[in-house]
Structure formats: C-alpha cells, structure tokens
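Below are the chains, spelled out letter by letter.
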Amino acid sequence: VKEAHAAAVDAALGYLQEAACWTRRGAGGREFLQGEGFLAAGYLHRSSRAGDPQLHTHVLIANATFADGRWTRLYHPAIYEHAKAAGYIYEAHLRDELTRRLGVRWREVENGIADIQGFDPEHLRAFSTRSQQILEVAGEGASARARQIATLATREAKVRALTDASVSDLWSEKAA
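What you see is a predicted model, and the numbers here were worked out from it, not measured in a lab.

J.: Which residues make up the pairing of strand 3 (residues 40–47), and what values go with them?
T.: Bridge count for strand 3 against strand 4 (residues 53–61) is seven bridges, and the pairing is antiparallel. Residue pairing across strands places Gly42 opposite Val59, the latter belonging to strand 4. Taking the residues that link successive antiparallel strands as the turn, the strand 3-strand 4 hairpin has five residues, and the phi of Gly51 there is positive, at about 85 degrees.

See below:
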C-alpha cells in the first residue's frame, strides 16, 4: 500500500511539474517559461489528526525553479489551477496500483474518489472521524466553502504521542 501510495504521489507531482511548473520573464512578466521542475519535500503520515488510518503525504513546494540557465521564482497560480487535476490523477493512479498489486475492487468513482468494495458504510464512518465532525458542524449537503470553514473550526492539535503500537491497538479496538 505504501509503494502504491508513493507511485501515485509521484504521478501527481509529475503531472504538476509538466503542467504547472512555470516562471515569468520580461517587462511585467509577460513571457512564460517552463521550469525544469520543483524543489519539494514530502512528509509521509499514516493517520489523520483524529488518529484514524489515513496514509497521506504533505508536499511542500519551494517558490523556486530552474529555467533559462538560472534559479528563478515559481509562477505559483499555475499550481493552484492544476491542483484538482493532480488530485484526480493521484486517486486514479492509486486505484490502478492497488488493483494491480493487491486485487482491490472499487465502488463507483464519485468526484474522482472511490471507496474499496466490501466495506460496510458503518465501518467507513467509524474510521472517518474528521469527516463526521465536519458534517456535524457544516450539515449534510453543505457547500465546499461551508465544509472548509467547518474543517478549520473543528481542527484540533495533532496527537504527537501516537506510536505504531498505540495506533495498531486503537484501530483494532475501533474495528472490533
């Protein structure tokens, strides 16, 4: 699963580097040049803020790229413009990797995301603590903006004391 996740992250970042790694030159920045890639660092996490299993990577992209023989400032609006597409690429690549590697089967894709077949919706809810907290505040059918506000309003500090043993115990207890 970690290898599939890493491959999906690489696919999404590869897309961003091809589609959104730009800088500007000339008077008023009228000329766009494609950069030769991002300077980035990724941080792998195994759980959500609420302690639920959620393998994910935070990627920090520096405001720099190499173009036209020198380091230069990144034109960052392109990253925001392509972020949703990169997320869809990540999800599609992850589904493909998990299907090929582990034989995973999927429910129907909705908004670029699909759940694994065979899980009871009640179990998925039990391991989606943050989603439940956000829905309780924002309400069912809330707009993306309302969910974003609820996300920030309900965000608690990260639990730093989680170890491999403690999350394993927590997840086993919750699953039971």
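Picking up after the structure, the text goes on.
J.: For the nonpolar core, give the residues involved together with the corresponding values.
T.: Phe38, Tyr90, Leu94 and Leu98 are the most contacted members of the largest nonpolar core, which has 19 residues in total. At the level of elements, helix 1 (2–20) and helix 2 (77–102) are the ones that each hand at least two residues to this core. Contacts of Phe38, omitting those with residues within four sequence positions, involve Leu16, Gln17, Ala20, Cys21, Ile61, Leu74 and Ile79.

J.: Describe the environment of Phe119, naming the residues involved and giving the relevant values.
T.: With respect to the secondary-structure elements, Phe119 resides in the loop between helix 2 and helix 3 (121–126). For the pair Phe119 and Tyr88, spaced 31 residues apart in the sequence, the C-alpha separation amounts to 22 Å. In this structure, Phe119 is in contact with Arg107 and Leu124, ignoring residues within four places of it in sequence.

J.: Describe the pattern of salt bridges, naming the residues involved and giving the relevant values.
T.: A full pass over the atoms with the stated rule returns five salt bridges. A salt bridge links Glu3 to Arg101, with the nearest nitrogen and oxygen atoms 2.9 Å apart. Separated by 98 residues along the polypeptide, Glu3 in helix 1 and Arg101 in helix 2 bring together distant segments of the chain. Residue classification places Arg101 among the partly exposed positions, given a relative accessible area of 41%.

Conventions we followed
Residues numbered from 1 in each chain as written. Predicted model: local features only at pLDDT ≥ 70, side-chain atom pairs only at ≥ 80, totals over all residues. Heavy atoms only, no water. Pairing = 2+ DSSP bridges. Helix = DSSP H or I, 4+ residues; strand = E, 2+ residues; numbered from the N terminus. Core = buried A, V, L, I, M, F, W, Y, C linked by side-chain atoms within 4.5 Å. Buried < 20%, exposed > 50% of the residue type's maximum accessible area, 1.4 Å probe, protein only. Contact = heavy atoms within 4.5 Å. Salt bridge = Lys/Arg side-chain N within 4 Å of Asp/Glu carboxyl O.

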